[in-house]
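# Summary of structural features
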Amino acid sequence: MSIAIAVGLLTAAAVYLFMQRGMIRIVLGFILASHAANLLLFAAGNTAFRGVPYIGTSDYGEGADPLPQAFVLTAIVIAFSITMFMVTLAITTTGDDDTENDEDSPAKVLTAPDKDDAAGSKVDTDSTGAVGAATGGADASPSSPVHDFEASDFTAQDDDAAEPPNADEGSDR
Amino acid sequence: MTEILPPLLPLLVGIPLLMGAVGAAVRKNKRLRHVISLGTLTALFAFSVLLVIATHDGTVLAHKVGFWDFAPQIAIPFVVDALNSLVLMIICILGITSVMFAMATHEARARFFHPFVLILMAGVAGALMTGDIFNLFVFIEVMLLPSYGLLAMMGAKLGAHGARIYVSVNLLASTLLLIGIGLVYATAGTVNLAELHGAAVEDPAVAVGGGVVLTAISIKAAVVPVHGWLTRTYPMTSPAVTALFSGIHTKVSIYAIYRIYSILFDGDEKFLWVALLVTSLTMLVGVLGAIGEKTTRSILVFHMISQIGYILIGVGLFTGLGLTAGIFYLLHHMIVKASLFLSTGAIEETYGTGEIDRLGGMAKREPLIAIIFMIAALSLAGLPPFSGFVAKFSIIMATLEQAHYWVAAVAVLVSVFTLLSMLKIWVGVFMGKPPADLEENALTYQERMHGKRYLRVQAQAENPTLTIGPPTATMSAVLSGERAVKIPAKLIIPGAILAGITVFFGFGAELLMMLSETAAENLLNPQEYVEAVMGS
């Protein structure tokens, strides 16, 4: 009974949080929803039996069903990893975590040319990095392995753009 | 051959996973990553062809990954019969062509593109082969996690909204799926499909759990009351990724619906009216939604929903002819839809937009793409001599056989609307006069997406003292009007391969029809599936 009430409360809270606009709240809602699902899975194994489910440690009649516990363990890992991804999505690419859609719809990249684009901002960061290198800041050079992953790991780059970090920077030197 | 193959089944999951890891470890060498990815996909394709040959006579191959012969219920079964080997084969073809397209658009140069695709394929193979609904959940997650990465990676240029909706909806559906599996386990005491055979017919409590499972999978398959996420996410990424996803995610879910209804519900006739109602709605709403759309890809995505309705008629009828037609439709649709996404995607990747109003006159400029699009579009609408005609004709015959005249009427009506929608794309994109700024848009887009030097050339023209790298020969030729922007051959070939397959399956429909019939037989009589898993 207590598990049933807990599942109901968690689901109700999760649904309330799903209705919010902020991405972080939605993520919190998903955490609660996955708890509800896990408790339900756990209850599927009949919580009246609570013995250790290892062979030889308790009576078969008293040992817990190990299968739902394995399910819950797997589900926790999956839900955790997706939650982390969602939290990342909440803070990247836009200024805030608001989920309200703005007017630019798919495949309309060209209709708003004044918006700063990926290519433009990439060139900017490259040039500042190159300037830093030229003025002696060795750590700021784009080739120094500060992070394990580089921006180019996640975005497709053309060789044309990649080959001279900045031709104009070179001529200044 | 039937003795050697089953122990090799786990390789279908293991090899792409391993190669994905190897691909992720290769940091600098793009070419090596391309080779690893295409090589693995080709090997998977070869293996799946072998499986199709081995199962074409109705044989069911099963392997217990846990080697627990004394307890086959919990031995992690992998089962392959005609249905999942066929679906796997087509998915491998789609994987190869989409990766070829992504290599042509340079998306595949991103370090994690190929690893994500390979891990996605591992999840797909697992989800198709597993004989256990909890493992189905796990493999669907394995399939979805790299998809989140691909969608966010390629959609980053268009904003994160698509990825947010996609992840949220899929996580919600996964949670619901988990709840459904919990309910099935609580009532039936097992999650092994073979052991669950007919459980939902005997016990209504299991049927409720099974209903929750099917509802959750229907969300992932974008069946109508729960289809909204698809049209808002698929157009938000690159054409190559859309083509890849179109053939994989919703189709694996449809396969799961076929399989679970066949085994868990044993084709119970009590619930078939629900499926028929839902499929009719899906067909209608999908095709009507496409009317209001203005870009090629969003029109095609709406059509995907309508076609999912057609495919699911097979489950709704659950007769020999109905299932055969549904399976044939599924296989035909995966190829044709990906071909359409790739041929319109080639235009989008070259001219920078998929908006119908901003394109025109492509039939003269790009006759090859026009032909490919025409073949696939006519096949989608269901005109002979392409595979779409055979698919649609047999589906409608199957509904008439069961005297479901209103479903047949909806199916015919919707295919007329589909043809009109395809004509809308044809008239808007391929006929008429090209807009004046077509070339400039194309160059601007290529600069934005691929770092071409057009914008630098322009900056130089405005400010002559600024020294920028020299413009490439092609670029200056286009700017001075000597050469026109053309779709390169490497962007045309993937779509052309798929269009060729639909022509092949149109003329040689008998081959695919025969295989679909075997698959339908297996679904109608799941005893062999059960024996393969539980016995020996």
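Along each chain, numbering runs from 1 in the same order as the chain's sequence is written. Chain labels run from A onward and ligand labels from 1 onward, assigned in the order the entries are written. Totals for whole chains, interfaces and linings use all residues, but because this is a predicted model, local features are given only for residues with pLDDT of at least 70 and pairs of side-chain atoms are given and counted only at 80 or more.

### A look at the overall build of chain A
Helical segments are the DSSP runs of H or I of at least four residues, strand segments are the runs of E of at least two, and each set is numbered from the N terminus. Along chain A, the regular secondary structure elements total six helices and zero strands. Of the regular secondary structure in chain A, the N- to C-terminal order runs α-α-α-α-α-α. To assign burial, the other C-beta atoms lying within 10 Å of each residue's own C-beta are counted, with C-beta atoms placed from the backbone; 20 or more indicates buried, 12 or fewer indicates exposed, and intermediate counts indicate partly exposed. Buried positions account for 20% of the 173 residues belonging to chain A. Note that contacts rest on C-beta atoms placed from the backbone: two residues are in contact if these are within 7 Å. Expressed as a percentage of contacts within chain A between residues at least 6 apart in sequence, the contacts between residues at least 24 apart total 50%.

### Thoughts on the overall build of chain B
Helix and strand counts for chain B come out as 24 helices and two strands. Relative to the 2.2 N^0.38 estimate, which gives 24 Å for 536 residues, the radius of gyration of chain B is 23 Å and therefore close to what a compact globule would have. Once the C-alpha set of chain B is aligned to its principal axes, its extents read approximately 80 × 55 × 40 Å. The burial tally for chain B puts 62% of its 536 residues in the buried class. Partitioning the intrachain contacts of chain B with sequence separation of at least 6 by distance along the chain shows that 77% fall at a separation of at least 24. As a reference, a globule follows 2.2 Å times the number of residues to the power 0.38, and the radius of gyration itself is taken over C-alpha atoms.

### Section: the environment of Pro115(B)
All names here are of chain B. Relative to the elements of secondary structure, Pro-115 occurs in helix α5 (residues 113-129). Note on Pro-115: 24 C-beta atoms within 10 Å, which makes it buried. Each C-alpha atom, one on Pro-115 and one on Leu-419, is 38 Å from the other, the two residues being 304 residues apart in sequence. Ignoring any residue separated from it by four or fewer positions in sequence, one finds Pro-115 in contact with Gly-20, Gly-23 and Ala-24.

### What to know about the UniProt feature "transmembrane region" (unreviewed entry) in chain A
UniProt positions are given in the numbering used here, feature names are shortened, and annotations may be inferred rather than shown by experiment. Cross-referencing UniProt, the feature "transmembrane region" (unreviewed entry) maps to residues 24-49 and 70-91 of chain A in the present numbering. Segment residues 70-91 of chain A splits into 100% helix and 0% strand. End C-alpha atoms: 33 Å apart.

### Comments concerning helix α14 (residues 320-351) of chain B
Residues three or four positions apart in an α-helix share a direction because the helix packs 3.6 residues into each turn. Under the convention used throughout, the expected extent of a helix is 1.5 Å for every residue step, that is, one less than its residue count. With 32 residues, α14(B) should cover 46 Å at 1.5 Å per step; its first-to-last C-alpha distance of 46 Å lies within 8% of that length. When you tally the buried positions in α14(B), you get 29 out of 32 residues, the bulk of the element.

### What to know about the nonpolar core
One recurring pattern in soluble globular proteins: nonpolar side chains tend to sit buried together. Residue and element names in this part refer to chain B. By size, the foremost hydrophobic cluster in this structure holds 219 residues, and its most contacted members are Val-124, Ile-181 and Ile-257. The element contributing the most residues to this core is α14, with 17 residues. Ignoring sequence-local partners within four residues, the contact set of Ile-181 consists of Ile-133, Phe-134, Phe-137, Val-191 and Val-213. Throughout this description, the term nonpolar core refers to a group of buried Ala, Val, Leu, Ile, Met, Phe, Trp, Tyr and Cys residues whose C-beta atoms join them within 7 Å.

### Structural notes on the confidence of the model for chain A
All names here are of chain A. Per-residue confidence for chain A averages 65 on the pLDDT scale, and 49% of its residues sit at or above 70. pLDDT is a residue-level measure of predictor confidence that goes from 0 to 100. Per-element averaging of pLDDT across chain A places helix α6 (residues 167-172) at the bottom with 36 and helix α1 (residues 2-18) at the top with 93. Confidence over residues 104-151 falls short of pLDDT 50; this stretch has 52 contacts with residues more than four positions distant or in other chains. Taken as a whole, residues 156-173 scores under 50 in pLDDT and shows 35 contacts with residues more than four places along the chain or in a different chain.

### Quick look at the pairing of strand β2 (residues 77-80) of chain B
All names here are of chain B. Alternating positions in β2 separate into two faces, Pro-77 and Val-79 on one and Phe-78 and Val-80 on the other, with burial throughout. Of the strand pairs in this sheet, strand β1 (residues 61-64) and β2 are connected by four bridges, and their pairing is antiparallel. Considered in β2, the bridge of Leu-61 is made with Val-80. Strand pairing follows a simple DSSP-based rule, namely that at least 2 bridges must link the two strands.

### Regarding the environment of Gly267(B)
Residues and elements named next belong to chain B. Tracing the backbone shows Gly-267 in the loop between α11 (239-263) and α12 (272-289). Accessibility expressed as a C-beta count within 10 Å gives 20 for Gly-267, which makes it buried. Gly-267 sits 256 residues away from Leu-523 along the chain, and the two C-alpha atoms are 8.5 Å apart.

### Section: the packing of α11(B) against α14(B)
All names here are of chain B. Orientation is described by lines fitted to C-alpha atoms, with helices fitted over the stretch in contact, and by angles between N-to-C directions that extend from 0 to 180 degrees. Remark: α11 packs on α14, axes separated minimally by 8 Å, with the N-to-C direction vectors making an angle of 165 degrees. Taken together, the axis directions place α11 and α14 in an arrangement best described as roughly antiparallel. Between α11 and α14 lies a crossing of right-handed hand. Residues Pro-239, Ala-240, Thr-242, Ala-243, Ser-246, Gly-247, Lys-251 and Ile-254 of α11 lie in contact with α14, whose contacting residues are Leu-330, Met-334, Lys-337, Ala-338, Phe-341, Leu-342, Gly-345, Glu-348 and Glu-349. Three classes are used: nonpolar for Ala, Val, Leu, Ile, Met, Phe, Trp, Tyr, Cys and Pro, charged for Asp, Glu, Lys and Arg, and polar for all others, with Gly counted as polar. Here the residues of the contact of α11 with α14 sort into nine nonpolar, four polar and four charged. Angles below 35 degrees are treated as roughly parallel, those above 145 as roughly antiparallel, those between 65 and 115 as roughly perpendicular, and all remaining angles as oblique. Throughout, a crossing is termed right-handed when the near helix is turned clockwise from the far one, and left-handed when it is turned anticlockwise from it by less than a right angle.

### Some points on the environment of Gly51(A)
All names here are of chain A. Locating Gly-51 in the fold gives a position in the loop between α2 (23-44) and α3 (66-91). For Gly-51, a count of 13 C-beta atoms within 10 Å translates into the label partly exposed. Taking C-alpha positions, Gly-51 is 5.3 Å from Ala-64, a pair spaced 13 residues apart along the chain.

### Description of unusual backbone geometry
Residue and element names in this part refer to chain B. Residue Pro-385 is reached from Pro-384 by a cis peptide bond, and omega for that bond is 5 degrees. Within the secondary structure, Pro-385 sits in the loop between α16 (367-381) and α17 (387-401). Positive phi values are uncommon outside glycine, yet Ala-222 reaches one of about 60 degrees. When you line up the elements, Ala-222 lands in the loop between α9 (204-221) and α10 (228-233). Backbone geometry at Asp-266 places phi at a positive 50 degrees, although glycine is not the residue there. Along the chain, the position of Asp-266 falls in the loop between α11 and α12. Among the residues examined, Asp-266 registers 18 C-beta atoms within 10 Å and is labelled partly exposed.

### A few points about the packing of helix α4 (residues 82-104) of chain B against α14(B)
Residue and element names in this part refer to chain B. For the pair α4 and α14, interaxial distance at closest approach is 10 Å and the crossing angle is 5 degrees. If you check the angle between α4 and α14, you find them roughly parallel. Of α14, the residues touching α4 (which contributes Leu-83, Leu-86, Ile-90, Leu-94, Thr-97, Ser-98 and Phe-101) are Ile-327, Leu-331, Met-334, Ile-335, Ala-338, Leu-342 and Gly-345. Looking at the contact of α4 with α14 residue by residue, the classes come out as eleven nonpolar, three polar and no charged.

### Structural notes on the confidence of the model for chain B
Should pLDDT be low for a region, the predicted coordinates there are not to be read in detail. Model confidence for chain B is summarised by a mean pLDDT of 87, while 92% of its residues fall at 70 or above. Scored as a whole, the predicted complex attains pTM 0.85, and scored at its interfaces, ipTM 0.83.

### A few points about helix α22 (residues 489-507) of chain B
Residue and element names in this part refer to chain B. The first and last C-alpha atoms of α22 sit 26 Å apart over 19 residues, in line with the 27 Å expected at 1.5 Å per residue. When we look at burial in α22, the residues that qualify are Leu-491, Ile-492, Pro-494, Gly-495, Ala-496, Leu-498, Ala-499, Ile-501, Thr-502, Phe-505 and Gly-506. Lining the buried residues of α22 we find α4, α14, α16, α17 and α23 (509-524).

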